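Coordinates in review
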Amino acid sequence: MNHKSLLGTAVAAALIFGAQAASACAISAWSTATGLTAADTGEPTAGFKRYSGRCSLKVTDAATPRFVTDTTPNNEASYRVRFYYFTGNISGATADIFQARSTGSANIIRVTHDGNQLNFSTTSGTPVNITVADNKYYVIELAWAAAAGTGSLTGTVTGNSGTGAAPLQAGSIAINNLNNAADSITEARIGLIAGAPTVTAPVFFDEFDSRRTQNPGRLCRGDAASPANNVVNVFDAVAIINDASGNPAQLSLLQPDVNDDGVVSVFDAVGAVTIAGSAFATCN
Ligand SMILES: [Ca+2]
Ligand SMILES: [Ca+2]
Ligand SMILES: [Ca+2]
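Description of the structure in this document.

What counts and what doesn't
Residues numbered from 1 in each chain as written. Chains lettered and ligands numbered in written order. Predicted model: local features only at pLDDT ≥ 70, side-chain atom pairs only at ≥ 80, totals over all residues. Heavy atoms only, no water. Buried < 20%, exposed > 50% of the residue type's maximum accessible area, 1.4 Å probe, protein only. Helix = DSSP H or I, 4+ residues; strand = E, 2+ residues; numbered from the N terminus. Pairing = 2+ DSSP bridges. Contact = heavy atoms within 4.5 Å. Donors = N, O, S within 2.8 Å, 3.2 Å for Na, K, Ca; no water. Arc of directions from axis to C-beta. Polar contact = N/O pair within 3.5 Å; in protein donor to acceptor, adjacent residues only side chain to side chain.

Look at any regular strand and the pattern is simple: side chains alternate between the two faces of the sheet. Here strand 9 (residues 107-113) lies mainly inside the structure; five of its seven residues are buried. Taken together, the six bridges between strand 8 (residues 95-101) and strand 9 define a ladder with antiparallel strand orientation. Paired with Ala-95 across the strands is His-113, a residue of strand 9. Following strand 8, the chain reverses through five residues before pairing antiparallel with strand 9; Ser-105 in that reversal takes a positive phi of roughly 65 degrees. Note: strand 9 against strand 10 (residues 117-122), five bridges, orientation antiparallel. When the bridges of strand 10 are listed, His-113 appears paired with Leu-118. Where strand 9 hands over to strand 10, the hairpin turn is made up of three residues, of which Gly-115 adopts a positive phi near 100 degrees.

Attention now goes to the side chain of Ser-152. Structurally, Ser-152 can be placed in strand 13 (residues 148-159). Once residues lying within four places of it in the same chain are set aside, the contact partners of Ser-152 are Ala-143, Trp-144, Ala-145, Ile-175, Asn-176, Leu-178 and Asn-180.

This part takes up the coordination of the calcium ion (ligand 2). For the calcium ion (ligand 2), every protein donor is listed as Asp-223 (OD), Asn-229 (OD1), Val-231 (O), Asp-236 (OD) and Asp-236 (OD), and the spread of their distances is 2.2 to 2.6 Å. Binding-site remark: the calcium ion (ligand 2) is held by donors from one chain whose sequence spacing is D-x5-N-x1-V-x4-D. Residue class for Val-231 comes out partly exposed when judged on its relative accessible area of 27%.

Moving on: helix 1 (residues 234-244). Turning to helix 1, its buried residues are Asp-236, Ala-237, Ala-239, Ile-240 and Asp-243. Taken down its axis, helix 1 places every buried residue within 160 degrees of arc, on the same side. Residues of helix 1 that are exposed and angled more than 90 degrees away from the buried face: Val-234 and Phe-235. By the N-cap criterion, in which a side-chain oxygen at the helix start approaches the backbone nitrogen of a residue two or three places on, helix 1 is capped by Asn-233, the distance to Phe-235 being 3.0 Å. Within two residues after helix 1, Gly-246 carries a phi angle of roughly 85 degrees, on the positive side.

What follows is the structure in structure tokens.
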């Protein structure tokens, strides 16, 4: 997938880590991998913490760079991205967990994690810190644009939502009025890309989606019963209980981890029931 034509206004460049069926997890949707192989993807039954579907990407150490790259972007002046990040437990140094780069290998968008905070920056403007907890899933949503005086990097970090109905926003990014018309994006990377923190508990990545002009949006939290209907009801709670049973045949192919702790348990089913009785029972 080295061609550069997929990223359209309405076409998702969704790069998952495996088919949504009982097949092996993979990184083959990505253009290249550095320090990672298919063995770094896997299912919950093998201890992999996924947000959606059966598979996710695990990074267990940062001694050498470990990341996957999407070279689909083609000198984009507008770029929207969403991915799910499980924070693990890292310390001692700051790691780049996301980079969107130019043809000259400059970081146009950079996201780092030091074990306590995510830091969001672009080529100018004031970087933004957002505090995150260890061992929780967060969805990072970013929108970037190049322009003379009106360029911007905006976005949100949402996660560690517990079993309450409302998803919790950890923070937002609003870096505006940038003179960045010369910037463009030609590749994106996720992983522990640079920096060498101590990784006491691994980090995970899931459900990367990037587009030119549309926000990919978040997946429907708690919508766990196939087929996806963007509605959370008792059938989803049942699917979560089935997932929690540990039977590989009963794994949810959707989003059973309501409380964003990386494992599926009865607490997630309780959360789904709470969502079902709330204004969040229907996702947009
Ligand atoms: Ca997944
Ligand atoms: Ca549902
Ligand atoms: Ca959970």
